[in-house]
Amino acid sequence: MELIFEKSRPGYGGYQVPKTDVPEIILEEYIDSSLIREDLSLPEVAEIEVIRHYTALSRMNFGVDTGFYPLGSCTMKYNPKINEDLSHLPAFEELHPYGPESWSQGSLQLMYELKSFLCEIFGMADFSLQPAAGAHGELTGMIICRKYFDKKKERRSKILIPDTAHGTNPASGALCGYEVVTVKSDRDGNIDLDHLGRMMTDDVAALMLTNPNTLGLFERNIEAVADIVHIKGGILYGDGANANAFLGKCRPGDLGFDIIQVNLHKTFSSPHGSGGPGSGPVGVAPHLVDFLPIPRVVRDGEAYRMEYDFPDSIGRVKSFYGNFSVLLRAYAYIRSLGAEGLMKVAEIAVLNANYVRTRLKPFFDLPYDRMCMHECVFSGRRQLANWGVKTAHMAKRLIDYGFHPPTVYFPLIVPEAMMIEPTETESVTMLDKFCEAMIAIAKEAEKAPENLKKAPLNGAISQLDEVLAAREPDIRWKKRGEGNGH
Ligand SMILES: *Cc1c(COP(=O)(O)O)cnc(C)c1O
């Protein structure tokens, strides 16, 4: 496909500028001529070419609105379009963040109510809505943890992270200056309590725990885990990215978590992927409220305002008040589903994952064979050992069936991992279609492995040389067979 610059033909354009109604000036009298650009090299294309170009590009994309997207850990659920409409209401969209608070009462009230909802759903004392993503929320939580121990004049240099953790957890801990120490999982996929007991020493600031973890399993000994951490004066940090599994069913605050980040773009349904915008609010237990970022939205009688006077606060972590449009979508989502609806989300998300787990179990290895939460993790090791078919091949073959592949090779403790998160928004008909495709692929691995290794056979592009693609990306789209297409 041609780049828009290659479509450019002199003289074509898609804009009309009205005649100037102010006196013309000589630009060089105001700006140094070396700073004035004569040739912008903008593409010259007619409006219809622009429309066709971007429409064609959008069709090469895959999204929740085009097909089933079981990308584990990412909660690629359908995003109701009413949330989109509401987030574009002019009263919100056109509000300037520097406008006076008296003009912004509706937005302030929305933020205040959203954080109250989050406090109730997750059992925390207060929330900050500022962080712009899950990873940013983790970092904010870790900075709060640091400040808490600084204030107590305790020197703690390490954080513990289970071997199932998402890569952002150790990254956030390390960015905050902590030494990251790995805690092992046991054979059932829970934290190994003996190992945790030995590792949880006086110099450990926190345990960062995802529950349910990235195996899709609920930590069975969560209360014991919390006790081990708290007895040593440590903080139990919860990565709440997997909240879809337990909305309204249990509350991290009740389980003993002191800090938690929630990924609004995942659980509370904003379009995400390809870099956001996201939102990762951070909730804390009562003893950590003073450390939350400023400003914090507060209520004074009937009025709402931003309050900056919290001397122990870690300060700002984001310009203005966070990614407000994502907050708006989350608010609309919570209000439209209500408490009953949110509980149903968790129930159906878990039901759907267990349906897929049960249907695919005869065909793929299931290293942690127990009831799962919102996602299930298979291993392709049988296919690799017997027929040399890798998980990557099977994932790419799914593209031929019109499905987005699951998350692969993660979590790291499962060899040839395939992590499938169907979400609650898929029907059983769709789950059946997906399972039938997976079963056909399992059979193909056995009967025609060489064919499978060439997958995708009908995708927009064929297999990439992944190393070359990362090192020397060639973003030009080529037809199959043209060039190396990396
Ligand atoms: C998605 C995810 C994160 C990171 O969230 P971002 O919004 O992508 O920064 C962290 N932990 C887990 C378990 C996740 O699934």
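Residues numbered from 1 in each chain as written. Predicted model: local features only at pLDDT ≥ 70, side-chain atom pairs only at ≥ 80, totals over all residues. Heavy atoms only, no water.

**Description of the sheet that holds strand β12 (residues 417–420)**
Next, step 1: Strand order in the open sheet made by the 3 strands is β10-β12-β11, with antiparallel pairing throughout. Unpaired on one side and paired on the other, β10 (376–379) and β11 (407–408) mark the two borders of the sheet.
Next, step 2: Inspection of the sheet shows β11 paired to β12 by 2 bridges, in the antiparallel sense. Paired with Val408 across the two strands is Met418, which belongs to β12.
Next, step 3: Strand contacts of helix α11 (residues 324–360): β10 and β12, with the helix running at about 20° to β10, the strand carrying the most contacts. (Pairing = 2+ DSSP bridges. Helix = DSSP H or I, 4+ residues; strand = E, 2+ residues; numbered from the N terminus. Contact = heavy atoms within 4.5 Å. Axes fitted to C-alpha atoms, helices over the stretch in contact; angles between N-to-C directions.)

**What about the side chain of Gln383?**
Next, step 1: Mapped onto the elements of the fold, Gln383 is located in helix α12 (residues 381–387).
Next, step 2: Discounting residues that sit within four places of it in the chain, Gln383 has contacts with Phe363, Phe364, Gly388, Val389, Met394, Ala442 and Ala445.

**Things to note about the packing of aromatic side chains**
Next, step 1: Scanning all chains against the criterion turns up 16 aromatic pairs.
Next, step 2: An aromatic cluster is present here, built from Phe122, Phe127, Phe246, Phe268 and Tyr333 joined pairwise through their rings.
Next, step 3: Positioned above the aromatic ring of Tyr178 is the side chain of Arg146, whose terminal nitrogen or guanidinium carbon lies 4.8 Å from the ring centre. (Phe/Tyr/Trp six-rings, centres within 6.5 Å; stacked < 30°, edge-to-face > 60°. Lys NZ or Arg CZ within 6 Å of the ring centre and 35° of its normal.)

**Points about a nonpolar patch on the surface**
Next, step 1: On the surface, Ile25, Leu27, Tyr30, Ile31 and Leu35 cluster together to form a nonpolar patch covering roughly 540 Å² of accessible area.
Next, step 2: Turning to its location among the elements, Ile25 is positioned in the segment before α1 (47–59). (Patch = residues over 30% accessible without salt bridge, like charges linked within 9 Å, V, L, I, M, F, W, Y side chains within 5 Å. Areas by Shrake-Rupley, 256 points an atom, 1.4 Å probe, with all protein chains shown as cover. Salt bridge = Lys/Arg side-chain N within 4 Å of Asp/Glu carboxyl O.)

**Examining the domain arrangement of the chain**
Next, step 1: Structurally, the chain comprises domain 1 (1–60), domain 2 (81–337) and domain 3 (346–471).
Next, step 2: Each of domain 1 and domain 2 was reduced to a C-alpha centroid, and the two centroids are 43 Å apart. (Domains from an automatic or database assignment.)

**Points about the site of the ligand**
Next, step 1: Lining the immediate surroundings of the ligand are 13 residues, of which Ser73, Gly134, Asp239, His265 and Lys266 lie closest.
Next, step 2: Here an oxygen atom of the ligand and a backbone polar atom of Ala135 are 2.8 Å apart.
Next, step 3: Within the side chain of Asn263, an N or O atom sits 2.9 Å from an oxygen atom of the ligand.
Next, step 4: Here the ligand loses 86% of its free accessible area of 380 Å² to cover by the protein chains.
Next, step 5: Looking at the shell around the ligand, the elements with two or more residues in it are α5 (134–151) and α10 (264–267).
Next, step 6: Top contributing element to the shell around the ligand by residue count: α5, with 3 residues.
Next, step 7: Looking at the shell around the ligand, its residues break down into 3 nonpolar, 7 polar and 3 charged. (Near = heavy atom within 4 Å. Polar contact = N/O pair within 3.5 Å; in protein donor to acceptor, adjacent residues only side chain to side chain. Nonpolar A, V, L, I, M, F, W, Y, C, P; charged D, E, K, R; others polar.)

**Focus on the packing of α11 against helix α14 (residues 428–447)**
Any two packed helices are characterised by the angle at which their axes cross and by the distance between the axes.
Next, step 1: Where α11 meets α14, the closest approach of the two axes is 10 Å, and the angle between their N-to-C directions is 30°. In terms of orientation, α11 and α14 fall into the roughly parallel class. Regarding α11 and α14, the two cross each other, and that crossing is right-handed. Of the residues in α14, those touching α11 at Asn352, Tyr355, Val356, Arg359 and Leu360 are Val428, Leu431, Asp432, Phe434, Cys435, Glu436, Met438 and Ile439. (Parallel < 35°, antiparallel > 145°, perpendicular 65-115°, else oblique. Left-handed = near helix turned anticlockwise from the far one by under 90°.)

**A short note on the nonpolar core**
Next, step 1: Counting 48 residues, the largest nonpolar core has Leu114, Phe122, Leu207, Leu236, Leu264 and Phe268 as the members making the most contacts within it.
Next, step 2: When contributions to this core are tallied by element, the ones reaching two or more residues are α4 (105–122), β3 (179–183), β4 (204–210), α8 (222–231), β9 (303–307) and α11.
Next, step 3: Here the element with the most residues in this core is α11; it accounts for 10 residues.
Next, step 4: Not counting the four nearest positions on each side in its chain, Leu236 is found in contact with Leu207, Leu209, Ile222, Val225, Ala226, Val229, His230, Gly256, Phe257, Asp258 and Ile259.
Next, step 5: In terms of nonpolar packing, the next biggest core, distinct from the first, is built from 33 residues, Leu215, Met394, Met438 and Ala442 among them. (Core = buried A, V, L, I, M, F, W, Y, C linked by side-chain atoms within 4.5 Å. Buried < 20%, exposed > 50% of the residue type's maximum accessible area, 1.4 Å probe, protein only.)

**Digging into helix α13 (residues 391–400)**
Next, step 1: The buried fraction of α13 is high, at 7 of 10 residues.
Next, step 2: Inspection of α13 places Thr391, His393, Met394, Ala395, Arg397, Leu398 and Asp400 among the buried residues, and these make up the whole buried set.
Next, step 3: The inward-facing, buried residues of α13 abut α12, β11, β12, α14 and α15 (449–452).

**Notes on the packing of α5 against helix α6 (residues 168–175)**
Next, step 1: Two elements in contact, α5 and α6, have axes whose closest approach is 9 Å; the angle formed by their N-to-C orientations is 40°. As summarised for this structure, α5 and α6 are arranged oblique, according to the angle between their axes. The hand of the α5/α6 crossing is right-handed. Within the contact between the two elements, α5 uses Ala135, Glu138, Leu139 and Met142 and α6 uses Thr168, Asn169, Ser172, Gly173 and Leu175.
Next, step 2: Residue classes in the contact of α5 with α6 are distributed as 4 nonpolar, 4 polar and 1 charged.

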